[in-house]
Amino acid sequence: MAKKAELVRTVVAQNRKARHNYFIEETFEAGMQLTGTEVKSLRGGRSSIAESYVTEAGGEAWLVNADIPEYPGGNRFNHERKRPRKLLLHRKQINTLIGAIQRQGRTVVPLQVYFNEQGRAKIEIALASGKQAHDKRQAIKDRDWQRQRARLLSRR
């Protein structure tokens, strides 16, 4: 009896600085409206969301400044590298994000782009508030202390 292949979540791009620069409060999974060459380029594992952010326009959420390089075999049907991409969210989620941005001064940052178990391109976005310099220093101190404590406990 043959087993089914393990379903795997394939991460394409991560925003590693997001957790350093922001307090992550709530995360959402969103789909992206992509063209064929964008999907093929993502499957090749080439993408960057380091300087990208999510904004609101016309009651919809848009991913701005995400870099998906052109697909080499795309010819004239290729896409623009940094075009705004529409995020596919439920209306309630969009209202939550828009309300937090406008009323509470929060930021919506992308954390990672991945392919889910069904092979669909998804993006994990987070509602976040910015860290100040002293918050970042404290986080570094805490992380170093946890490492040092783990070393001390492992020697026993």
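Residues numbered from 1 in each chain as written. Predicted model: local features only at pLDDT ≥ 70, side-chain atom pairs only at ≥ 80, totals over all residues. Heavy atoms only, no water.

**Q** Now, about the sheet that holds strand S1 (residues 10-14): what can you tell me, with residues and values included?
**A** The sheet built from seven strands is open, its strands ordered S1-S6-S7-S2-S5-S4-S3 with antiparallel pairing. At either end of the open sheet lies a strand with only one pairing partner, and these are S1 and strand S3 (53-57). Ignoring strand direction, the axes of neighbouring strands in this sheet form an average angle of 45°. Examined bridge by bridge, strand S2 (residues 22-32) and strand S7 (residues 121-130) share nine bridges and lie antiparallel to one another. Of the residues in S7, the one forming a bridge with Glu 29 is Glu 124. (Pairing = 2+ DSSP bridges. Helix = DSSP H or I, 4+ residues; strand = E, 2+ residues; numbered from the N terminus. Axes fitted to C-alpha atoms, helices over the stretch in contact; angles between N-to-C directions.)

**Q** An account of the side chain of Asn 15 is needed here, citing residue identities and associated values.
**A** As for its position among the elements, Asn 15 is in the loop between S1 and helix H1 (18-21). Taking relative accessible area as the criterion, Asn 15 reaches 10% and is therefore assigned buried. (Buried < 20%, exposed > 50% of the residue type's maximum accessible area, 1.4 Å probe, protein only.)

**Q** Give a detailed account of the side chain of Ser 47, specifying residues and quantitative values.
**A** Turning to its location among the elements, Ser 47 is positioned in the loop between helix H2 (36-43) and S3. Polar contacts involving the side chain of Ser 47 include one to the main-chain carbonyl oxygen of Asp 67, which spans 3.4 Å. Setting aside residues up to four positions removed in sequence, Ser 47 forms contacts with Val 12, Ala 13, Leu 42, Asp 67, Ile 68 and Pro 69. (Polar contact = N/O pair within 3.5 Å; in protein donor to acceptor, adjacent residues only side chain to side chain. Contact = heavy atoms within 4.5 Å.)

**Q** Explain unusual backbone geometry to me, and be specific about the residues and the numbers.
**A** Although it is not a glycine, Asn 65 adopts a positive phi angle of roughly 70°. In this fold, Asn 65 is placed in the loop between strand S4 (60-64) and strand S5 (85-88).

**Q** Hey, could you go over the pairing of S7 for me, with residue numbers and the actual values?
**A** Most of S7 sits out of view: nine of its 10 residues are buried. Sheet topology places strand S6 (residues 107-115) next to S7; eight bridges connect them, and they run antiparallel. Bridge pairing in S7 links Val 109 to Ala 126. Taken together, S6 and the strand that follows it, S7, pair antiparallel across an intervening segment of five residues, in which Gly 119 is found at a positive phi of about 85°.

The values are spatial; any link to function lies outside them.
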